Amino acid sequence: MRFDLHCHSSCSDGALTPAELIQRAREAGIDVLALTDHDTCAGLQPLQAANDCAIRLIPGVEFSSLWNKSDVHVVGLNIDPNNQTFNAAIDHQQRARQQRAESIAGRLQKKGLPDLLPQALEFAGEGSIGRPHFARALIKNGIVNTPAQAFKKYLGGGKAGDVGSYWASMETVVGWILAAGGIPVLAHPDKYALTRTRLTRLISEFKNAGGQAMEVVSGQQLPDVTRRLAGLCEDHQLLASSGSDFHRPGQSWAELGRQSALPERCRPVWQGW
Ligand code: AMP
Ligand code: MN
Ligand code: MN
Ligand code: MN
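Residues numbered from 1 in each chain as written. Chains lettered and ligands numbered in written order. Predicted model: local features only at pLDDT ≥ 70, side-chain atom pairs only at ≥ 80, totals over all residues. Heavy atoms only, no water.

What am I meant to see in the overall build of the protein here?
In terms of helices and strands, the protein carries 9 helices and 8 strands. For 273 residues, the compact-globule estimate of 2.2 N^0.38 gives 19 Å, and the protein sits close to it at 18 Å. Here the C-alpha coordinates of the protein stretch approximately 50 × 45 × 40 Å along the principal axes. Looking at the protein as a whole, 52% of its 273 residues qualify as buried. Taking the 28 positively charged and 27 negatively charged side chains of the protein as two groups, their mean positions are separated by 7 Å. (Helix = DSSP H or I, 4+ residues; strand = E, 2+ residues; numbered from the N terminus. Rg over C-alpha atoms; globule rule 2.2 N^0.38 Å. Buried < 20%, exposed > 50% of the residue type's maximum accessible area, 1.4 Å probe, protein only. Lys, Arg positive; Asp, Glu negative; His and termini not counted. Charge placed at Lys NZ, Arg CZ, Asp CG, Glu CD.)

Would you take a moment to explain the coordination of the manganese ion (ligand 2) for this structure?
Angles at a metal have ideal values that depend on geometry: 109.5 degrees with four tetrahedral donors, 90 or 180 degrees with six octahedral donors. Surrounding the manganese ion (ligand 2) are the protein donor atoms Asp 13 (OD), His 38 (NE2) and His 247 (NE2), which sit 2.1 to 2.2 Å from the metal. If you list the donors of the manganese ion (ligand 2) from N- to C-terminus, the spacing comes out as D-x24-H-x208-H. The two metals, the manganese ion (ligand 2) and the manganese ion (ligand 3), are separated by 5.6 Å. One end of the pair, Asp 13, is in the loop between β1 (3–4) and α1 (18–27); the other, His 247, is in the segment after β8 (239–243), and 234 residues separate them in sequence. Asp 13 sits in the buried class, given a relative accessible area of 11%. Relative accessible area serves as the criterion here: at 15%, His 247 is assigned to the buried category. (Donors = N, O, S within 2.8 Å, 3.2 Å for Na, K, Ca; no water.)

Please explain the nonpolar core as it appears in this structure.
Nonpolar side chains tend to gather and get buried jointly when the protein is soluble and globular. Membership of the largest hydrophobic core comes to 49 residues, with the highest contact counts inside it found for Leu 5, Phe 63, Met 214 and Val 216. The residues contacting Met 214, other than those within four sequence positions of it, are Val 185, Leu 186, Pro 189, Ile 203, Leu 229, Leu 232, Cys 233, Leu 238, Leu 239, Ala 240 and Ser 241. Of all hydrophobic cores here, the second largest spans 20 residues; its members include Phe 134, Ala 137, Val 144 and Val 163. (Core = buried A, V, L, I, M, F, W, Y, C linked by side-chain atoms within 4.5 Å. Contact = heavy atoms within 4.5 Å.)

I'm lost on the coordination of the manganese ion (ligand 4) in this one. Help?
Every protein donor of the manganese ion (ligand 4) is accounted for by His 6 (NE2), His 8 (NE2), Glu 62 (OE) and Asp 245 (OD), and the metal-donor separations fall at 2.1 to 2.2 Å. Sequence positions of the donors to the manganese ion (ligand 4) reduce to the motif H-x1-H-x53-E-x182-D. Separating the manganese ion (ligand 4) and the manganese ion (ligand 2) is a distance of 4.7 Å. Taken together, the positions of His 8 in the loop between β1 and α1 and Glu 62 in strand β4 (residues 60–67) put the pair 54 residues apart, joining distant regions of the chain. Assigned by exposure class, His 8 and Glu 62 land together as buried.

Would you explain the site of ligand 1 in this entry?
Surveying the vicinity of ligand 1 reveals the residues Asp 13, His 38, Arg 97, Arg 100, Gly 130, Arg 131, Pro 132, Ala 148, Phe 151 and His 247. Contact between ligand 1 and His 38: an oxygen atom at 3.0 Å from a side-chain N or O atom of the residue. Here an oxygen atom of ligand 1 sits 2.9 Å away from a polar atom, N or O, in the side chain of His 247. Starting from 500 Å² of accessible surface for ligand 1 in isolation, the protein chains cover 70%. Within the residue set of the shell around ligand 1, elements represented by two or more residues are α3 (84–110), α5 (131–140) and α6 (147–155). Class assignment of the residues belonging to the shell around ligand 1 gives a composition of 3 nonpolar, 3 polar and 4 charged. (Near = heavy atom within 4 Å. Polar contact = N/O pair within 3.5 Å; in protein donor to acceptor, adjacent residues only side chain to side chain. Areas by Shrake-Rupley, 256 points an atom, 1.4 Å probe, with all protein chains shown as cover. Nonpolar A, V, L, I, M, F, W, Y, C, P; charged D, E, K, R; others polar.)

How should I be thinking about helix α8 (residues 196–208) in this particular structure?
The periodicity of an α-helix, 3.6 residues per turn, causes residues three or four positions apart to be oriented the same way. With 13 residues, α8 extends 18 Å between its outermost C-alpha atoms, agreeing within 8% with the 18 Å of an ideal straight helix rising 1.5 Å per residue. Of the positions making up α8, those classed as buried are Leu 199, Leu 202, Ile 203 and Phe 206. The buried residues of α8 all sit within an arc of 95 degrees when viewed along its axis, so they share a single face. Of the residues in α8, the exposed ones pointing more than 90 degrees away from the buried face are Thr 197 and Asn 208. Looking at the buried positions of α8, the neighbouring elements they touch are β4, β5 (70–77), α7 (170–179), β6 (183–186), β7 (213–218) and α9 (223–235). (Expected span 1.5 Å × (residues − 1). Arc of directions from axis to C-beta.)

Would you explain α3 in this entry?
The end-to-end C-alpha distance of α3 is 39 Å, a good match for the 39 Å that 27 residues give at a rise of 1.5 Å each. Three or more residues of α3 are buried, namely Phe 86, Ala 89, Ile 90, Gln 93, Ala 96, Arg 97, Arg 100, Ala 101, Ser 103, Ile 104, Ala 105 and Leu 108. Of the surrounding secondary structure, the elements contacted by the buried residues of α3 are β4, α4 (117–124), α5, α6 and α7. Where α3 begins, the capping side chain belongs to Asn 83, and its oxygen is found 3.0 Å from the backbone nitrogen of Thr 85.

Structure, rendered in structure tokens:
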């Protein structure tokens with residue numbers, strides 16, 4: 001069975017529509033798919049409508065949250081998208097994204113750049129607005145050439161467009177997922193560039209807040225990283241998840257359904273499904 005429990009569509013910062021995503025999932029031979037757009041599950045219905053090939057769809061989301069002043073992402077799997085608490089949570093995060101976008105635009109203007117908000121909003125369309133939409137606006141205006149450059153100069157950690165204080169706390173976000181009957185999964189723990197001591201603290205506090213799983217595999221990561229994360233997962237008695245974090249075709253390290261296998265020693269998050 002091929003699982004991919006972390007990917008994005010045009011409902012957030014992904015390039016493919018939910019229907020295009022289903023097509024790609026079919027081509028990749030995926031059996032079980034969770035669409036986990038940033039702070040929205042608007043893609044679920046169109047995904048279900050386009051699913052003419054018996055892929056099992058797991059309702060999902062990727063919430064942004066704050067832990068110790070850093071952005072930490074928490075994936076929710078198997079959530080009830082009709083749950084009231086959950087829908088209030090989505091509204092909260094969407095407002096946070098709107099306000100943050102205004103703040104990003106203002107801070108970039110103070111750096112002497114044009115007002116990029118209208119273009120960023122246009123790139124986001126109906127979807128969750130985020131920094132990747134500002135990256136596209138920066139490229140369109142000829143200010144940078146690539147998204148990587150946009151993050152390095154303007155949007156990444158410590159830069160003018162890195163405005164993180166709008167999110168709910170990690171504990172709150174875990175609570176929202178639990179309220180919606182979902183499984184809280186700590187997303188891509190290796191991407192936070194934390195020391196081992198701080199990563200261990202993050203995982204402990206996540207578990208204490210009610211977290212149940214962590215991504216032991218995120219995209220095509222190095223075997224060494226997988227081993228280290230599998231050890232931490234076991235130490236904290238969490239379930240293990242696996243997802244590509246696919247955003248768009250052409251990023252071979254995050255191709256849909258092409259992430260490395262979960263180590264044998266892990267208890268997969270899908271064991272009870
Ligand atoms: P946001 O949701 O607005 O906080 O933006 C975070 C998103 O930006 C991530 O989910 C990635 O899709 C993307 N991203 C983060 N870092 C980079 C980077 N260095 N280059 C390109 N895209 C990035
Ligand atoms: Mn993203
Ligand atoms: Mn993420
Ligand atoms: Mn993601």
